[in-house]
Amino acid sequence: MRLRFLNWLLPLLLLGVALAARGVVPGEDGRRLEVLFFGAPTANHAGHDPITRYRILKKGLGLEGINLTYLEDPSKVFTKDTLDRYDAVLMYGNWEQNGEMPAEQLKALLDYVDGGGGFLPIHCASACYGASPEFVKLVGAKFKSHETDTFQVKDVLPNHPILRGLEGFKAWDETYEHSDQADDREILQKRKTEPWTWTRTQGKGRVFYTAAGHGHRVWDLPEFHALIRNAIYWSVGPEKYRQMARLKPAKPGEEKVSLPGYREREEIKTAQAPLPPEESIKLAQVPVGMELALFASEPDIVNPIHVAWDHRGRAYVIETIDYPNNLQAGDLGHDRITICEDTNSDGRADRFTRFAETLSIPTSLTFVNGGVLCTNGSQVLFLKDTTGNDQADVREVVLDGFGMGDTHAGVSNLRYGFDGWIYATVGYSGFDGTVGGEHHKFAQAVFRFLSDGAKLEVLQNTTNNTWGLGFTEEFDILGSTANANPSWYLSFPKSDYTAAGLEQPRTPRADDNPVFNPMSFDIRQVDQFDRYTAGAGHAFYTARRFPESYHDRVAFVCGPTGKLVGHFDMQRAGAGWKAVQSPNNLYTSADAWSAPVCAEVGPDGAVWVCDWYNLIVQHNPTPSRESAGINAKTGKGNAYQTPLRDKQHGRIYRIYPEGTKDDPNPGLDPKKPESWFAGIDHPNLFWRLQSQRLIAESGMTQLVPELERLARMSSNAAPHALHILSGWGKLSDALAAEMMASPSAATRRAAIALASPAVLKEFFAGGAPVKAEGRELAEIWLAISRSAADPELGAVLYRQANSRSEVFSDPVLADAWKIAARRQRAGVLAAAASTPPSGRALMAQVDELENDAGPVVAEAKPKMFKPDAQVHARGKEVFSQTCIACHGVDGKGVPQAFPPLDGSDWLTGDPRLPTRIVLHGLQGPIQVDGQDFNSVMAPLGTSLDDRQVADVLTFVRQSWSNDAAPVTTAEVAEQRAATASRKVPWTASELGR
């Protein structure tokens, strides 16, 4: 048997094959292998942390035709439905050492192996379920004891297909000894006399075990990856292996390059060459049961950065050839919008029409008034085709004033909202302009504006450069930032905080700055290594083609530096959100060029992914020999210059469950109102919003009765119908009151937002208890804050806070109450006087209300050091080029990622300390203002001269609340000379911190 296996395994091992994902190439039957990595919670045994082992092995096997999927709930893993989806199960983790495996789980596993599935228990898997003899027999032995040592095991059967051609390795590990050793094992390796690695067959299945692998001193070794790779190839059996091997693509080639290597601070001299789409797709992984299908690629489209669809379901793709350095004067560039159509329904675009050209670094678009709103450099344009040839002949400026000092920090994410406003985000390049006669100046924010440009409203500042925005089906507003904050949410609009005299916080963090999960080692990042450093998009799954577990519960965030689209399970947490990153991405690629920058739910119910397909994703900072092994120059758009920025490639993929049909197209027609009502009740939110827009823009108030009927009959249509009626001034108090009692949360929340003060008062203070919780309760309070002062409202508001212990432990709910309480101050205080507060938090709020006379503008505290305007202007320019991406326009940094500069004694004390840091960089961990940070600040000494260092330090030492002495050029020169031999970033201890 072993010799027969050699005949088909070894030639293919030598080819180094990397093969196609399941279902990605129509008509082909080759596919990647699907392996389930069954782990365990870290709490089960911190020394055996399965998720970190999965993460490293996933990188090691990405180019080997193997997909790894991680699960750690045995009740979900060991079922027939789950196991049947995988070719093999790899088990590593600690479960019930002396306990029994639940009978139904054990039966499912045994049936799976007997039926031909592969099983790979690794290391501590032999210490699981020791009281289940059938499990012990399946593994081949049971863990007995161990010491530790550094050793190399001996190959007993070096010509076995698993070991043939492999080099052994010497490493520190636990010296496992076993009991209950089976007689039917084939021993491959021994440690001294102890069997160490073996195989078994059981029924039609194959079992592989090795005792190796306590910690990363083994798991990080390429030799260990090769052992597990071969063990997987063997365990799945010849037929499944042949399925993987049938396509036989060439292994990615390499070419000479010069790339910055920030992690090792060394130049990267070789990198993978680009692959054609049909080869690249074979290195990609999507969830088991999903298909990955190519929709369009070069030469038809290049550098796709965004995709959106019109009311017919046609894809409009933004191609940004000029990004990032070729910023053109007058917002007239070489970029374009291309309509991509599939005219023969084969899933591939076959008609490409240039809707608009001569654009300058556009980032997103949305549809309004028979045309398109599109970002364009400093502007938002309205583009429209009036001749019917699908080419825009109208080009009007709707907004102007977006900064372009940094081309990856401008405006993006245009979206049509439920309320008819256009929502968008902007990074630190900001906006400085006049809209509807009102001047606005802001940066790093989510905002909204009317489609005709008559009004703009800043909603909330974000934590750093912002590239992601999405809506839930209840019109929650969430997004992502580029750096270390892949999921944030809008608390409440800035106008509500301002009206209450409260300082608005930045968008609250939903995520925990997670480590992401790529499938190859060639991940190049500047800082925050192995986390989201280029987070883009935050699309909720708002269709019904995917399984129910996705419906309005999962958000997709692109991580182009990791070549992935992350999957975040979104959980409501009081009035806010918690984003839990799944270890399993929606899309991951081992192709070094893959760079997904946009993932959106399409009209077909699939998730569409724009793959920038570019070896270079990094924008800034500009690398230096000291920071990254090479010197480069900063070009236009504040991006470093390199000839490796590709202008010839780009792909668009669709991801959907295998064997499913596209969501039905309702056939929307702007001239046929009957078609609008088919769309507004569609299960896919895309079609509902398109229909809502068409109805709202029509102004056909004769449709009011039909909209009222839909509001009462359809939970899908109701929120949209309410917003249309409200926009027309036709939402009756009776309907609003009725909808506030709807069983649908989306409908109730729409009614709360749109109801008149009279309806709100009756609902809130009419005598019946308000049963709302979390976000819905917060929005009721917020609506009350917009009503006139009313003693009854204030009294009910107070009673609710006095009877709900959770109010002030939830910062978002607490903000809503504080905003409402300040509007209803007299009523709240009167109620408190008659019924004293039951808790300290409420007591403190009452005291604050008693002592607060209303919104007061704090007087600016005079500063000791008068700024030099010229120095500050120069320093601000340097700050904008080198510091702003991490520390933000407000100097507050990013929690858990980048420390604040505002109020930091690292900065405002002895100037020698920040001067040394700027010159040579800083390596975490550090502590600033009681917060821990573990990032890397790149050294800037080789890219900034003494005056620039002095200017930027003076600027930040005297900005925001900081008030410190200026730094002189002579002081910088002195520190540069004193530390000239320094080659690596400082640590906190070296700096006396």
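Note that the structure is a prediction, hence the values are computed from the model and not measured. (Residues numbered from 1 in each chain as written. Predicted model: local features only at pLDDT ≥ 70, side-chain atom pairs only at ≥ 80, totals over all residues. Heavy atoms only, no water.)

A.B. asks: Residue-level account of the overall build of the chain, with values.
C.D. replies: Check the secondary structure of the chain and you find 30 helices and 45 strands. Rg of the C-alpha trace for the chain: 30 Å, near the compact-globule value of 30 Å for 993 residues, within the 12% margin. Projected onto its principal axes, the C-alpha coordinates of the chain cover approximately 85 × 75 × 70 Å. When burial is assessed residue by residue, the chain has 62% of its 993 residues classed as buried. A separation threshold of at least 6 residues defines the contact pool for the chain, and within that pool the share at least 24 residues apart is 66%. When the accessible surface of the chain is split by element, carbon and sulfur atoms take 50% of a total near 38,000 Å². Across the chain, the mean location of the 103 positive side-chain charges is 3 Å away from that of the 121 negative side-chain charges. (Helix = DSSP H or I, 4+ residues; strand = E, 2+ residues; numbered from the N terminus. Rg over C-alpha atoms; globule rule 2.2 N^0.38 Å. Buried < 20%, exposed > 50% of the residue type's maximum accessible area, 1.4 Å probe, protein only. Contact = heavy atoms within 4.5 Å. Areas by Shrake-Rupley, 256 points an atom, 1.4 Å probe, with all protein chains shown as cover. Lys, Arg positive; Asp, Glu negative; His and termini not counted. Charge placed at Lys NZ, Arg CZ, Asp CG, Glu CD.)

A.B. asks: Help me get a handle on the packing of aromatic side chains, residues and values and all.
C.D. replies: Scanning all chains against the criterion turns up 46 aromatic pairs. Centre to centre, the rings of Tyr-423 and Phe-471 are 5.5 Å apart; their planes meet at 85 degrees, and the pair counts as edge-to-face. Of the two residues, Tyr-423 sits in strand S26 (residues 422-426) while Phe-471 sits in strand S31 (residues 470-471), which places them 48 residues apart along the sequence. Like Tyr-423, the residue Phe-471 is buried in the burial classification. Here Phe-492 and Tyr-497 contribute two aromatic rings whose centre-to-centre distance is 6.4 Å and whose plane-to-plane angle is 40 degrees, an arrangement assigned as tilted. Residue Phe-492 is classed as buried on the basis of its relative accessible area, which comes to 1%. (Phe/Tyr/Trp six-rings, centres within 6.5 Å; stacked < 30°, edge-to-face > 60°.)

A.B. asks: If you had to explain the environment of Glu-990 to someone new, which residues and values would you point to?
C.D. replies: Structurally, the position occupied by Glu-990 is in the segment after helix H30 (969-978). On the accessibility criterion, Glu-990 (42% relative accessible area) is partly exposed. Those residues in contact with Glu-990 that lie beyond four places of it in its chain are Arg-982 and Pro-985. A polar side-chain atom of Glu-990 sits 2.5 Å from a polar atom in the side chain of Arg-982. Within the local environment of Glu-990, its side chain forms a polar contact with the backbone nitrogen of Thr-987, the two atoms lying 3.0 Å apart. (Polar contact = N/O pair within 3.5 Å; in protein donor to acceptor, adjacent residues only side chain to side chain.)

A.B. asks: Describe the pattern of salt bridges, naming the residues involved and giving the relevant values.
C.D. replies: Evaluated as defined, the whole model comprises 54 salt bridges. Between Glu-341 and Arg-314 there is a salt bridge; the shortest N-O distance is 3.8 Å. Of the two residues, Glu-341 sits in strand S19 (residues 335-341) while Arg-314 sits in the loop between strand S17 (304-309) and strand S18 (315-319), which places them 27 residues apart along the sequence. Overall, the relative accessible area of 9% leaves Arg-314 in the buried class. Its salt-bridge partner being Glu-503, residue Lys-892 comes within 3.8 Å of it at the nearest N-O pair. On the criterion of sequence distance, the pair formed by Lys-892 in the loop between helix H26 (884-887) and helix H27 (905-908) and Glu-503 in the loop between helix H11 (494-499) and strand S34 (536-540) is long-range, its members being 389 residues apart. On the basis of relative accessible area, Glu-503 is assigned to the exposed category, the value being 66%. When salt bridges that share partners are traced, they join Glu-474, Asp-476, Arg-572, Arg-749, Arg-775 and Glu-779 into one network. (Salt bridge = Lys/Arg side-chain N within 4 Å of Asp/Glu carboxyl O.)

A.B. asks: Got a sec to walk through the UniProt feature "domain: Cytochrome c" (unreviewed entry) in the chain? Specific residues and values, please.
C.D. replies: Following the UniProt record, one finds the feature "domain: Cytochrome c" (unreviewed entry) at residues 870-960. Helix makes up 46% of residues 870-960 and strand 11%, and the two end C-alpha atoms of the span are 17 Å apart. (UniProt positions renumbered as here; feature names shortened; annotations may be inferred.)

A.B. asks: Can you explain the packing of helix H20 (residues 774-785) against helix H22 (residues 811-823)? Please cite residues and give values.
C.D. replies: Axis separation between H20 and H22 bottoms out at 8 Å; the angle between their running directions is 20 degrees. Here H22 runs roughly parallel to H20, going by the angle between their axes. Considering how the two elements wind past one another, H20 and H22 form a crossing that is left-handed. Contacts between H20 and H22 involve Gly-774, Arg-775, Leu-777, Ala-778, Trp-781, Leu-782, Ile-784 and Ser-785 from the first element and Val-812, Leu-813, Ala-816, Trp-817, Ile-819, Ala-820 and Arg-823 from the second. Its residues placed into classes, the contact of H20 with H22 shows eleven nonpolar, two polar and two charged. (Axes fitted to C-alpha atoms, helices over the stretch in contact; angles between N-to-C directions. Parallel < 35°, antiparallel > 145°, perpendicular 65-115°, else oblique. Left-handed = near helix turned anticlockwise from the far one by under 90°. Nonpolar A, V, L, I, M, F, W, Y, C, P; charged D, E, K, R; others polar.)

A.B. asks: Give me the nonpolar core: which residues, what numbers.
C.D. replies: Formed by 103 residues in total, the largest nonpolar core has its most connected members in Ile-695, Phe-764, Trp-781 and Trp-817. Those residues in contact with Phe-764 that lie beyond four places of it in its chain are Val-770, Ile-780, Trp-781, Ile-784, Leu-793, Val-796, Leu-797 and Gln-800. Counting 73 residues, the second-largest nonpolar core is a separate cluster that includes Tyr-92, Trp-95, Val-236 and Val-288. (Core = buried A, V, L, I, M, F, W, Y, C linked by side-chain atoms within 4.5 Å.)

A.B. asks: Explain the pairing of strand S2 (residues 66-71) to me, using residue names and the numbers behind them.
C.D. replies: For S2, a buried count of five out of six residues is recorded, marking the element as mostly surrounded by other parts of the structure. Looking at chain direction, strand S1 (residues 33-38) and S2 are connected through six bridges and run parallel. Considered in S2, the bridge of Glu-34 is made with Asn-67. The handedness of the S1 to S2 crossover, carried by helix H2 (residues 50-61), is right-handed. (Pairing = 2+ DSSP bridges. Right-handed = clockwise from strand over helix to strand, strands pointing away.)

A.B. asks: Give me the lowdown on the sheet that holds S31, citing residues and values where you can.
C.D. replies: Taken together, the three strands give an open sheet; going across it, the order is S31-S32-S33, and neighbouring strands pair in antiparallel fashion. In the strand order of this sheet, the two ends are held by S31 and strand S33 (488-489), each with one partner. Direction of pairing for strand S32 (residues 477-479) relative to S33: antiparallel, over a ladder of two bridges. Following the sheet pairing, Leu-478 is matched in S33 by Tyr-489.

A.B. asks: Can you tell me about the environment of Ser-412, naming the residues and giving the values?
C.D. replies: Inspection of the secondary structure assignment puts Ser-412 in strand S25 (residues 411-416). C-alpha separation for the pair Ser-412 and Ala-543, spaced 131 residues apart in sequence, amounts to 23 Å. Beyond its immediate sequence surroundings of up to four residues, Ser-412 is in contact with Thr-363, Ser-364, Ala-424, Thr-425, Thr-466 and Trp-467.

A.B. asks: Explain the confidence of the model for the chain residue by residue, including any values.
C.D. replies: On average, residues of the chain carry a pLDDT of 93, and 96% of them reach 70 or more. In this model residues 1-27 is a low-confidence stretch, pLDDT under 50, and it forms 79 contacts with partners more than four residues away in sequence or in other chains. (pLDDT = per-residue confidence, 0-100.)

A.B. asks: Give me the sheet that holds strand S21 (residues 365-368): which residues, what numbers.
C.D. replies: Spatial ordering of the open sheet is given by S21-S22-S23-S24, a layout of four strands whose pairing is antiparallel. In this open sheet, the two strands that pair with only one neighbour each are S21 and strand S24 (394-400). Taken pair by pair, the neighbouring strands of this sheet meet at an average axis angle of 25 degrees, ignoring direction.

A.B. asks: Break down the packing of helix H15 (residues 704-713) against helix H16 (residues 718-727) for me, with residues and values.
C.D. replies: At a closest axis distance of 8 Å, the pairing of H15 and H16 adopts a crossing angle of 145 degrees. The handedness of the crossing between H15 and H16 comes out as left-handed. Mapping the contact onto sequence places Val-704, Leu-707, Glu-708, Leu-710 and Ala-711 in H15 and Ala-718, Ala-721, Leu-722, Ile-724 and Leu-725 in H16.

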